Amino acid sequence: MTAAADSNRISQLLESADRAQANGLGSDAARLIAEARALAPADSRVLNALGLQALRENDPTSARPQLEQAVAQTPREPVLWLNLAQCRGMQGDATGELAALDQALSLQPRFYPALLAKATWLERQGKPKQAVHVYNFFLHCLPPPPQLPPQLKPAIDYAQRIVSADRAALGALIEQRLGPGNHAPARARFDHCIDAFLGRRRIYTPQPTFMHFPKLPAIEFFERSDFPWLDALEAGTDVMREELLAVLADPASGADIVPYVDYPDDEPLDHWRPLNRSKQWSAYYLLKDGVRANSHLARCPRTAGLLAAAPLADVPGNAPTAFFSMLQPRTRIPPHTGVTNARLVCHVPLVIPPGCGFRVGSETRHWQPGKAWVFDDTIEHEAWNDSNEPRYILIIDLWNPYLTAAEREWVRTATAVITEYGRE
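Positions within a chain are numbered from 1, following the residues in the order the chain's sequence is written. The model is predicted, so local features are restricted to residues of pLDDT at least 70 and side-chain atom pairs to those at 80 or more, both for listing and for counting; the totals for chains, interfaces and linings are taken over all residues. Side-chain figures throughout are based on the complete set of non-hydrogen atoms in the structure, without hydrogens or water.

Description of the overall build of the chain
We apply this condition: Secondary structure elements are taken from DSSP: a helix is a run of H or I of four residues or more, a strand is a run of E of two residues or more, and numbering for both begins at the N terminus. Two things to know: the radius of gyration comes from C-alpha atoms, and the globule rule equals 2.2 Å times the number of residues to the power 0.38. Burial classes follow relative accessibility: with a 1.4 Å probe on protein chains only, a residue under 20% of its type's maximum area counts as buried, one over 50% as exposed, and anything between as partly exposed. Two residues form a contact once any of their heavy atoms are found within 4.5 Å. Asp and Glu count as negative and Lys and Arg as positive, but His and the ends of the chain are not part of the count. Where a charge lies is defined by one atom per residue type, namely NZ (Lys), CZ (Arg), CG (Asp) and CD (Glu).
Counting its secondary structure elements, the chain contains 15 helices and eleven strands. The globule rule puts the C-alpha radius of gyration for 424 residues at 22 Å, and the 31 Å found for the chain is more than 25% above it. Counting only C-alpha atoms, the chain reaches 90 × 60 × 45 Å along its principal axes. Across the 424 residues that make up the chain, the buried fraction comes to 44%. Taking all contacts inside the chain whose residues are at least 6 apart in sequence as the whole, residues at least 24 apart take part in 67%. Positive and negative side-chain charges in the chain, numbering 43 and 48 respectively, have mean positions lying 4 Å apart.

See below:
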């Protein structure tokens, strides 16, 4: 038999032994390991298997020379160092255990089983702060859940509790040092910073589906004071609500209220499947992709006047869009992102039953009739109506105020070229 054939046979025997051990067939596993040992008693894989077999029998004294010989032969294999660390730990050799763990991590710094073992070692040695640091790194190095062994779940849960408790203690200390005035409006950005640092908030970034304009601030909800012209729009809330309700009361309007999500059958729907072509989330357009819906504007003349006075984004063939958005009872709009951060989106709440909410990134708000807000819709956002009544708001497009006049013009030109180029 060739050396390659021998090596393959050893691998097969040891893999079969692992399966047998996992199925509780210890005697079968021992027989397979013995067969591999007869073929290659000095092979590092065989030595490792023999060492682990001795550890399972609670015999670290017999296991240690096997495992030390294995790492001597294959010194660049992190798992062998991890097994040796376990053996040394069972013998009470804390210094040797740490040395083996550090060797494993020097070879593979994100080797999460070794990170977990080092975190527990630090905790046993009365070094809680260092342990938290390594537990946190361990959690960040875990593979996706489907790839995790189920037996690791208690350790993951424990690490999460340890890290969360530490972050809570640190947060309390920061709050104590900062003193009165916590969470005041002037402190909103700083509070967001600390919440993100402590893991209370996830960090979201713009993820446009069409065009990303770089070096613009990634702001979830913009400051209301940045848009003083919204005063006039908010003052027209009652007027807009009245005109919308008149449209809804007219049976002839049914055909003009259309599903907001309307993808063709040959496009992947993913998270939009439940709402595609559904009036659970519908729109009565006043402007759409830069085109006026003249008959709709004529039916809502005072709303049309308010829109005419607003500084809407204008990109021929693409913007502005302005519409009454209708979300039916017990309906949820899934997390999604918009087309470009060159424009922002404004909501003007008109009819808001209890149980409605809106999240942009890490901030959740609840609409109040007549209180507009502006947000970057390229940051993940979602909405819900958990009530038994419809929710109605006005939605409009705005330019991002951080764009210069020249940049707006360049966006218009580039978008027109992209649109034209895509046509047959």
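Further notes follow.
Some details on the sheet that holds strand β5 (residues 331–336)
Condition: In this analysis, strands are considered paired if DSSP registers two or more bridges between them. Axes, fitted as lines to C-alpha atoms, cover a helix only where it is in contact. Angles between the N-to-C directions of the axes lie from 0 to 180 degrees.
Strand order in this open sheet of four strands is β5-β10-β7-β8, and the pairing throughout is antiparallel. Bordering the open sheet on either side are β5 and β8 (363–365), each of which pairs with just one other strand. Averaged over all adjacent pairs, the angle separating strand axes in this sheet is 10°, with direction ignored. As defined by bridge partners, strand β7 (residues 356–360) adjoins β8 across three bridges and the pair is classed as antiparallel. Residue pairing in the sheet places R359 in a bridge with T364 of β8.

Quick notes on helix α2 (residues 26–39)
Basically, it comes down to this: Working rule for helices: expected span equals 1.5 Å times residues minus one. By construction, the arc corresponds to the directions joining the helix axis to the C-beta atoms.
Its 14 residues give α2 an end-to-end C-alpha distance of 20 Å, which sits within 8% of 20 Å, the value for a rise of 1.5 Å per residue. Among all positions of α2, only A29, L32, I33 and A36 are buried. Buried residues in α2, looked at end-on, bunch into an arc of 100°, giving them a common side. When the buried face of α2 is taken as reference, the exposed residues oriented beyond 90 degrees from it are S27 and A38.

Things to note about the side chain of T340
Condition: Polar contact is the term for a pair of N or O atoms within 3.5 Å; when the atoms are in protein, one must be able to donate a hydrogen and the other to accept it, and sequence-neighboring residues count only if both atoms are side-chain atoms.
Tracing the sequence through the fold places T340 in the loop between β5 and β6 (343–351). Reaching out from T340, the side chain makes a polar contact with the backbone oxygen of M211 at a distance of 2.8 Å. Among the polar contacts made by the side chain of T340, one reaches the main-chain amide nitrogen of A342 at a distance of 3.1 Å. Excluding anything up to four places from it in sequence, T340 contacts P208, M211, D377 and T378.

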